[in-house]
Amino acid sequence: MNENEILKALGEVTHPAKGDKTIVELGMVDSIECVDNGVKVVLGFPKFRDPLAEYLIGGAKAALIRNFGPDVKVEVSGKVKEEAPAKKKHGLELGLEELDNVRHVIGVASGKGGVGKSTVAVNLAVALARMGYKVGLADADVYGPSVPKMTGTENVQPEAFEEIEGKEVFMPIEKYGVKWMSIGYFARPEQALIWRGPMACTALKQMILQVRWGKLDFLLIDMPPGTGDIHISLVHDIPMEGAVIVSTPQAVALADVEKGVNMFRNDSINKPVFGLVENMAWFTPEELPQNRYYIFGKDGGARMAEKYDIPLLGQIPLVQSIREGGDGGEPVALSTRADGIAFIELARRIADMVK
């Protein structure tokens, strides 16, 4: 094992935000040291630490193990290059504000994927903004970030500024009266981000705690589906006030709602569940707006809410315009149609609960 062989292995690691360029082509391999039955690699990052640093470090380690075998001792670390050009100051002489000026931090969760959690989160944020509240949304679904697509902000990247004492902060993207932040802004849409748990947690906290949110009435956190280490890390490290759970009426989805409710009520987490949102509650054809077809079952969410003594916050119909709005980057909550009003009513109920 020599330096050329190591560089060849590291050449398999591409930077998701830099097209098809590898970390070797980008000059990110700062040093290589061959030791007894092992290798130490240091990756160098610009003055502002790359939001995907932990992802790249993990990818480099996996590439070396893949090429040289599991018996080789591999150590990969990162450092900030002091010689990189200094970034401009944001003009704020105070320290990083983090979440000091956010009144309510609310998670939007689901027991399983595919129930429209992100659709509900995005439209809830827009609906709250339409009601006059100052709103932000952090896309914490690091495995499948969809907020850039749903808001039509795929081709923008948050700007980073340097604060005092070497701290850094990203400026969120603003559109539709909402401040948005997502790991999806730092990777190509088609790029699969393969995270190990600790890497995902680190990136996630950076997406929330190192953002200049400013004064907000609500910060919604679009959580990844399921119940795992990311959820535990979120509720322990972020001052989350409580959560809203999204489900569909079908039995297989409702079974996972129980897991979600029990997770938040676990003694180690102990966060309130504000209520349940039943998404895709019924299908209504655009040409027959008065008709309702309960293709996923009827009132399953209402029965589950009653069982766990939590409010049924809203029932969102399955209509074509909601899907079109998400795909087109124009959330349906911007409209005055019945589907848009459903999200306004949902926003009003949540706002009334936390006043």
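Residues numbered from 1 in each chain as written. Predicted model: local features only at pLDDT ≥ 70, side-chain atom pairs only at ≥ 80, totals over all residues. Heavy atoms only, no water.

J.: Help me understand the overall build of the chain in this model?
T.: For the chain, the count of helices and strands is ten helices and 13 strands. By sequence separation, contacts in the chain at least 24 residues apart represent 75% of the contacts at least 6 residues apart. For the chain, the exposed area adds up to about 16,300 Å²; of that, 49% sits on carbon and sulfur atoms. (Helix = DSSP H or I, 4+ residues; strand = E, 2+ residues; numbered from the N terminus. Contact = heavy atoms within 4.5 Å. Areas by Shrake-Rupley, 256 points an atom, 1.4 Å probe, with all protein chains shown as cover.)

J.: Quick question: what am I supposed to make of the pairing of strand β5 (residues 135–139) here?
T.: Looking along a regular strand, one sees side chains alternate from face to face of the sheet. The element β5 is largely enclosed, with a buried count of five among its five residues. Side chains Val 135, Leu 137 and Asp 139 of β5 all project onto a buried face; the interleaved residues Gly 136 and Ala 138 project onto the opposite face, where all are buried too. Where β5 and strand β10 (residues 216–222) come together, five bridges link them in parallel fashion. Paired with Ala 138 across the strands is Ile 221, a residue of β10. Across five bridges, β5 lies against strand β9 (residues 178–182) in parallel orientation. (Buried < 20%, exposed > 50% of the residue type's maximum accessible area, 1.4 Å probe, protein only. Pairing = 2+ DSSP bridges.)

J.: I'm lost on unusual backbone geometry in this one. Help?
T.: Glycine aside, a negative phi is what most residues show, and trans is what most peptide bonds show. For Met 280, which is not a glycine, the phi torsion comes out positive at approximately 55 degrees. Looking at the secondary structure, you find Met 280 in strand β12 (residues 273–283). Positive phi is not limited to glycine here, since Asp 309 has a value of about 55 degrees. Positionally, Asp 309 belongs in the loop between α8 (300–307) and β13 (312–318).

J.: I keep staring at the packing of aromatic side chains and nothing clicks. Help me out?
T.: Working definition: an aromatic ring pair is given by the centre-to-centre distance plus the angle between the planes. A complete count under the given rule lists two aromatic pairs for this structure. With 5.2 Å between their ring centres and 90 degrees between their planes, Tyr 133 and Phe 218 make a pair best called edge-to-face. Separated by 85 residues along the polypeptide, Tyr 133 in the loop between α3 (117–130) and β5 and Phe 218 in strand β10 bring together distant segments of the chain. Considered together, Tyr 133 and Phe 218 belong to a single accessibility category, that of buried residues. On the basis of an interplanar angle of 35 degrees and a centroid distance of 6.4 Å, the ring pair of Phe 283 and Tyr 293 is categorised as tilted. Of this pair, Phe 283 sits in strand β12 while Tyr 293 sits in the loop between β12 and α8, and the two are ten residues apart along the sequence. (Phe/Tyr/Trp six-rings, centres within 6.5 Å; stacked < 30°, edge-to-face > 60°.)

J.: Explain the sheet that holds β12 here, please?
T.: Backbone-to-backbone hydrogen bonds pair the strands of a sheet. The strands run either parallel or antiparallel. Spatially, β8-β9-β5-β10-β4-β11-β12-β13 is the arrangement adopted by the eight strands of the open sheet, whose pairing is mixed. With one partner strand each, in any of the chains shown, β8 (173–175) and β13 form the two edges of the open sheet. Each neighbouring strand pair of the sheet contributes to a mean axis angle of 25 degrees, computed without reference to strand direction. This element, α3, spans β4 (102–109), β5, β9, β10, β11 (242–247) and β12 of the sheet and lies at about 170 degrees to β10. In the packing of helix α10 (residues 338–354) onto the sheet, contacts are made with β4, β10, β11, β12 and β13, and the angle to β13 comes to roughly 165 degrees. (Axes fitted to C-alpha atoms, helices over the stretch in contact; angles between N-to-C directions.)

J.: Help me understand the side chain of Glu 278 in this model?
T.: Looking at where Glu 278 falls in the secondary structure, it is placed in strand β12. Buried and without a salt bridge, Glu 278 has Arg 303 as its closest oppositely charged side chain, separated by 7.2 Å. At 3.4 Å, the side chain of Glu 278 and the backbone nitrogen of Gly 300 are in polar contact. (Lys, Arg positive; Asp, Glu negative; His and termini not counted. Salt bridge = Lys/Arg side-chain N within 4 Å of Asp/Glu carboxyl O. Polar contact = N/O pair within 3.5 Å; in protein donor to acceptor, adjacent residues only side chain to side chain.)

J.: How should I be thinking about the sheet that holds strand β1 (residues 29–35) in this particular structure?
T.: Spatially, β1-β2-β3 is the arrangement adopted by the three strands of the open sheet, whose pairing is mixed. Here the strands that pair on one side only, and so sit at the sheet edges, are β1 and β3 (73–80). Ignoring which end each strand starts from, the neighbouring axes of this sheet average 15 degrees apart. Direction of pairing for β1 relative to strand β2 (residues 38–45): antiparallel, over a ladder of six bridges. Paired with Ser 31 across the two strands is Val 42, which belongs to β2. Sitting on the sheet, helix α1 (residues 3–10) is in contact with β1 and β2, with an inclination near 130 degrees to β1. Most of the contacts of helix α2 (residues 53–68) go to β3, to which it runs at about 155 degrees, and overall it touches β2 and β3.

J.: I would appreciate a short explanation of the packing of α1 against α2 in the present structure.
T.: Each pair of packed helices can be described by the angle between their axes along with the distance between the axes. One can describe the packing of α1 onto α2 by two numbers: an axis separation of 8 Å at closest approach and a directional angle of 120 degrees. Regarding the angle of α1 to α2, the classification is oblique. The hand of the α1/α2 crossing is right-handed. For the pair formed by α1 and α2, the contact residues are Glu 5, Ile 6, Ala 9 and Leu 10 on the first element and Ala 60, Ala 63, Leu 64, Asn 67 and Phe 68 on the second. Residue composition of the contact of α1 with α2, by class: seven nonpolar, one polar and one charged. (Parallel < 35°, antiparallel > 145°, perpendicular 65-115°, else oblique. Left-handed = near helix turned anticlockwise from the far one by under 90°. Nonpolar A, V, L, I, M, F, W, Y, C, P; charged D, E, K, R; others polar.)

J.: Is there a simple way to think about α2 in this case?
T.: Residue pairs three or four apart in sequence face the same way in an α-helix, which turns once every 3.6 residues. Given a rise of 1.5 Å per residue, 16 residues ought to cover 22 Å, and the 23 Å separating the end C-alpha atoms of α2 matches this to within 8%. Among the residues making up α2, those that are buried are Ala 53, Tyr 55, Leu 56, Ile 57, Ala 60, Ala 63 and Leu 64. (Expected span 1.5 Å × (residues − 1).)

J.: I tried to follow α3 on my own but got confused; where do I start?
T.: Taking 1.5 Å of rise per residue, 14 residues should cover 20 Å, and α3 covers 20 Å from first to last C-alpha, within 8% of that figure. Looking at the residues trailing α3, positive phi occurs at Gly 132, about 100 degrees.

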